[in-house]
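Each chain, written out:
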Amino acid sequence: FLYVPYFTYPITDDRKTGLLFPSLGSSDRRGVEFTQPIYWNIAPSYDMTIAPRYMSKRGLQLGTEGRLLTKRNDVVLWLDYLPSDDQALIDRWQYDLSVLSDLPAGWRAKTEAQGVSDDDYFEDLTSRQRWTSQTHLARQITFERYGPVWSMLGRVQGFQTIDAQILQQDEPYLQIPQFV
């Protein structure tokens, strides 16, 4: 007898909990990599993707993306955690948060924040060129209102510098607060 797993595929717009397509690769920094994403349809307005990732030279990393969508809020949070990296011998993490909220009286709030545990996080743990060439990670909160006659924007912004070659005097300034 040959065991064949049971697969289903939604033919409507309904979302289903289950395994997503795995990925397999290799690199000099991470060794052999295997990622098996799992999609969890928690409720109609929120879901989660859990992505365990094994790297033969680094260890087991857990990546999680949570999404919430309501009439007034659109929230996406991505977290990565690698306990005790086998090469760097430290715990490593990354977060990426995006929140867009419609507030009363025509106001809107937007929050964007990124952070990593150390300057070499992207160099060691990602293969995307876009991430490995990053020098700063932005963190900002914006309040905005657009009306027929006037508009207003207020923003608080800061950065995490992740390029050790950038001198402290050359790092970007904090904008606390900015009004336009």
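All values derive from a computational prediction rather than experimental measurement. Here, residues in each chain are numbered from 1, in the same order as that chain's written sequence. Where totals are concerned, whole chains, interfaces and linings use all residues; where local detail is concerned, this predicted model gives features only for residues with pLDDT of at least 70, and gives and counts side-chain atom pairs only at 80 or more. Side-chain measures here rest on the full set of heavy atoms in the structure, leaving out hydrogens and waters.

Moving on: the overall build of the protein chain. The helix and strand inventory of the protein chain stands at two helices and twelve strands. Listing each helix as α and each strand as β along the protein chain from the N terminus yields β-β-β-β-β-β-β-β-β-α-α-β-β-β. Radius of gyration: over C-alpha atoms. The globule rule applied is 2.2 Å multiplied by the number of residues raised to the 0.38 power. Expected size for 180 residues packed as a compact globule is a radius of gyration near 16 Å; at 20 Å, the protein chain overshoots this value by more than 25%. Looking at the 180 residues of the protein chain, the share that counts as buried comes to 28%. By definition, residues are in contact when any of their heavy atoms lie within 4.5 Å. For the protein chain, contacts bridging at least 24 residues in sequence account for 38% of all contacts bridging at least 6. The way it works is that DSSP assigns letters per residue, a run of H or I at least four long becomes a helix, a run of E at least two long becomes a strand, and they are numbered from the N terminus. Think of it in three bands: with a 1.4 Å probe and only protein chains considered, a residue is buried below 20% of the maximum accessible area for its type, exposed above 50%, and partly exposed in between.

Let's shift gears to the pattern of salt bridges. Criterion for a salt bridge: a side-chain nitrogen of Lys or Arg within 4 Å of a carboxyl oxygen of Asp or Glu. Evaluated as defined, the whole model comprises twelve salt bridges. The closest approach of N and O atoms between Arg92 and Asp85, which form a salt bridge, is 2.8 Å. No difference in accessibility class separates Arg92 from Asp85, as the two residues are buried.

Further remarks concern the packing of aromatic side chains. Aromatic rings from Phe, Tyr and Trp, with only the six-membered ring used for Trp, were paired whenever their centres fell within 6.5 Å, and each pair was classed as stacked if the ring planes differed by under 30 degrees, edge-to-face if by over 60, and tilted otherwise. Applying the stated rule across the entire model yields two aromatic pairs. Judged by centre distance (6.1 Å) and plane angle (20°), the ring pair of Trp93 and Tyr95 falls under stacked. Classification of Trp93 as partly exposed rests on a relative accessible area of 35%. Geometrically, the ring pair formed by Tyr121 and Phe122 is edge-to-face, given 5.6 Å between the ring centres and 85° between the ring planes.

Position of Arg92 relative to the elements: it lies in strand β8 (residues 92-102). Residue Arg92 is classed as buried on the basis of its relative accessible area of 0%. A polar atom in the side chain of Arg92 sits 3.3 Å from the backbone oxygen of Asp120. Setting aside chain neighbours within four positions, we find Arg92 in contact with Arg58, Asp80, Tyr81, Leu82, Asp85, Ser117, Asp118, Asp120, Tyr121, Asp124 and Leu125. Pairing of N or O atoms within 3.5 Å defines a polar contact, subject to two protein rules: one partner must be a possible hydrogen donor and the other a possible acceptor, and residues neighboring in sequence count only if both atoms are side-chain atoms.

So, about a nonpolar patch on the surface. Within this analysis, patches are made of residues with over 30% relative accessible area and no salt bridge. Like charges are joined at 9 Å or less; nonpolar side chains (Val, Leu, Ile, Met, Phe, Trp, Tyr) at 5 Å or less. Using a 1.4 Å probe, accessible areas were evaluated by the Shrake-Rupley method; residue-level cover was limited to the displayed protein chains. Together, Leu24, Val32, Phe34, Tyr54 and Leu60 make up a nonpolar patch on the protein surface, roughly 530 Å² of accessible area in all. Secondary-structure assignment places Tyr54 in strand β5 (residues 46-55).

Strand residues, when the strand is regular, have side chains that alternate between the two faces of the sheet. Think of it this way: DSSP has to see at least two bridges between two strands before they count as a pair. Alignment of β8 against strand β9 (residues 107-116), held across nine bridges, turns out to be antiparallel. Residue Gln94 lies in a different strand from β9, and its bridge partner there is Val116. From the end of β8 to the start of β9, which pair antiparallel, there are four residues, and Ala105 there has a positive phi angle of about 60°. Sheet analysis places β9 next to strand β10 (residues 136-146), joined by seven bridges and oriented antiparallel.

Once that is clear, we can look at the side chain of Gln160. Within the fold, Gln160 resides in strand β11 (residues 151-161). Polar contacts involving the side chain of Gln160 include one to the side chain of Arg139, which spans 2.8 Å. When residues no more than four places from it in sequence are discounted, the contact partners of Gln160 are Gln114, Gly115, Val116, Thr135, His136, Leu137 and Arg139.

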